[in-house]
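# A structural walkthrough
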Amino acid sequence: MRKSQTVGHFLVVCLLAATSAWGQAGTNSGVIAGEVDDSSGAKVPNAKVEVTSPALIEQARETVTGDDGLYRIVNLPPGIYAVTATQMGFSASKHEGIEITTGFTATVNFSLTPGSVTQTVTVTSEAPVLDTQDSVVQKIVSNAVLEALPIGKSATDYPALLPGAIAPAASQDVGGLRGEQSQGFRIHGSAPIDYTELRDGMYYGAMTGGGSNQLSSNNPTATQEVQLETGGYTAEDWNNGGHVNIIPKNGGNAFHGSFQADFGHKALQSGNVTPALQALGVPASSSIRSLYEVAGGVGGPIKKDKLWFFADARHWISSSYQAGANFFYDANEAAPFPNNLYYAADPSRPAYDINTYTEVGLRLTWQATKRNQFTEHFIQERNCNCFYTISSGLLAPEAATHHYYLHDSHDQVTWTFPVNNKLVLWAGFTAVMSDIDTKGSGETPTSFAITDSSANFTYGANGTALNPGGTYGLTTQIDFNENFTASYTTGPHAFKFGFSELQARGSRFATFSNLAGANGFPYGVQLQMQCQAITLASPMAGLPPGAPYPASLLNAAGLPTTDYKIGNKVLKAPTVAPTTVNSLSCPVVPGV
């Protein structure tokens, strides 16, 4: 008996949550709601309220007011609407120019005056419509605003538009120079992993990446608007971090399109690192190496009033030289062992990152019947985050990795069916498929993976393990997202039921170019060094120029000083040449 009561209480709580938080029919739609009164202020029950818009698949949708004169129409796609209220014995009243954006509830009230139904009072100019009903805290950014703002066009740049939003320090960007290798933001104390990206109201990320969006970029010319949610989330949301919902453009009965080109050059760049700051040890700003973007899209009818398309393409490159004392290739990398164990900056080969994004997309909209509409949106990408995370300052270029996103495709299908004026069914399916090929970026066949623990700096190579979790290799993953909702509206009340399911499937195959290892050491050994000062200008104290490095210091570094054996192979004790240079900033070693 007690168990039945517990289950009953749980169901009641879920039902109350649905009625209070699910008034909006979906994260890719809006709501128009309000009340209908007469000129004396009395409520008008059973009045017909109709909304019309080119954005509606059936062109018009209607409902009736309840006994309290309230009405609510849900699942309205973004667009400009006209709302008309009619009742026998009263003149019709019409409001025009009501803009609906994603997640927005527009309050539109009517005051009917006695008269003929054939008479219509049209309101075309009034105070802006505000959302006073939903608890969701959000900001809608239109495509026109995105194109006008002097910021990058990825989700990493959106925090600049949101009070209280925080982007990772290494990902903060101006003008799109950082690319899209790191996306998302934190809001109100949320963790970075709580960030969620959606497309057309559906989750679009990679579950193997901790839930973040690591496998896609966003073509701004194919975006209708962007919904940024920062609080007051609905019952449908499964985390409390920042949400970015990208609403794509659709085709229409008229051909339309857009084109965008951006270009940057180091001659156009400025910085705020003054000579005084440089004297205190602040490095100069990173400089532009290559920065440009070309994107465009065009849409129109395949068959008027039946089948539409929107096709788009984009190519974007962002590359910058990294500023800092250690942001150079290692000049000792190809030197004989053990001289290749010590890092020497090569000023002729500065470090830089490269982020390339190439994307083509096609969105089809099919009006199968008057009330059944289907969409399919397919995107094929081929991207690279080359010299991945080198901006952290912890890696030499040859120790960074290239992340090639191969066969990176996304397919999204939706179905919308307004059964009648009260019931709307919606279903969606998203598949994110990708192969990530992680490769080395410049190590030689005899390179070691070396981390100097004193300087917290890795150089030489980055392949550290011959296993499924190794540094280099091919990762294949497929993420599925299935959704179904049924929205029922009667008078002022709205109910929503449905389910969503996320699936992740993946595999990893580790591959290395140097399976036998370097200098007799098995591949996968990462040496931990202690920073040791070696300079050409100041020979070691008490030793003549050209003398070998002292055996005592070799021992301190963990290197053998006599012949040693690995397997059946006998190796000579390493000797550091007097011309070897270590350019890392090291503590002074007494007696040297």
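Higher on the page you've got the structure.
Overview of the structure. (Residues numbered from 1 in each chain as written. Predicted model: local features only at pLDDT ≥ 70, side-chain atom pairs only at ≥ 80, totals over all residues. Heavy atoms only, no water.)

## Thoughts on the pairing of strand 23 (residues 373-388)
- Two strands pair when backbone bridges link them, and strand 22 (residues 352-367) and strand 23 are joined in this way by 14 bridges, in the antiparallel orientation. Bridge assignment links Leu-362 to a residue of strand 23, and that residue is Phe-378.
- From the end of strand 22 to the start of strand 23, which pair antiparallel, there are five residues.
- Relative to strand 24 (residues 401-418), strand 23 runs antiparallel, the two sharing 13 bridges. Bridging from a neighbouring strand, Glu-376 pairs with Val-413 of strand 24. (Pairing = 2+ DSSP bridges. Helix = DSSP H or I, 4+ residues; strand = E, 2+ residues; numbered from the N terminus.)

## What to know about unusual backbone geometry
- At Phe-387, a residue that is not glycine, the phi angle is positive and equals roughly 55°.
- Along the chain, Phe-387 falls in strand 23.
- With relative accessibility at 4%, the residue Phe-387 sits in the buried group.
- For Thr-389, which is not glycine, the phi dihedral falls at a positive 60°.
- By the secondary structure assignment, Thr-389 is in the loop between strand 23 and strand 24. (Buried < 20%, exposed > 50% of the residue type's maximum accessible area, 1.4 Å probe, protein only.)

## Side note on the pattern of salt bridges
- Following the criterion strictly, the structure yields nine salt bridges and no others.
- A salt bridge links Lys-94 to Glu-96; its shortest N-O distance comes to 3.6 Å.
- Residues Arg-314 and Glu-293 are paired through a salt bridge, measuring 2.8 Å at the closest nitrogen-oxygen approach. Residue Arg-314 is found in strand 19 (residues 307-321), and its partner Glu-293 is found in strand 18 (residues 287-303); the two are separated by 21 residues along the sequence. Glu-293 shares its class with Arg-314; the two are buried.
- Overlapping salt bridges bring together Glu-35, Asp-37 and Lys-43 as one network. (Salt bridge = Lys/Arg side-chain N within 4 Å of Asp/Glu carboxyl O.)

## Some words on the state of the cysteines
- This structure, assessed with the given rule, holds one disulfide.
- Covalently, Cys-384 is tied to Cys-386 through a disulfide, its sulfur atoms 2.0 Å apart. Sign of the S-S torsion, about 110° for the bond between Cys-384 and Cys-386, identifies this disulfide as right-handed. We note that Cys-384, like Cys-386, is buried. (Disulfide = S-S within 2.5 Å.)

Read these as geometric descriptors, not functional statements.
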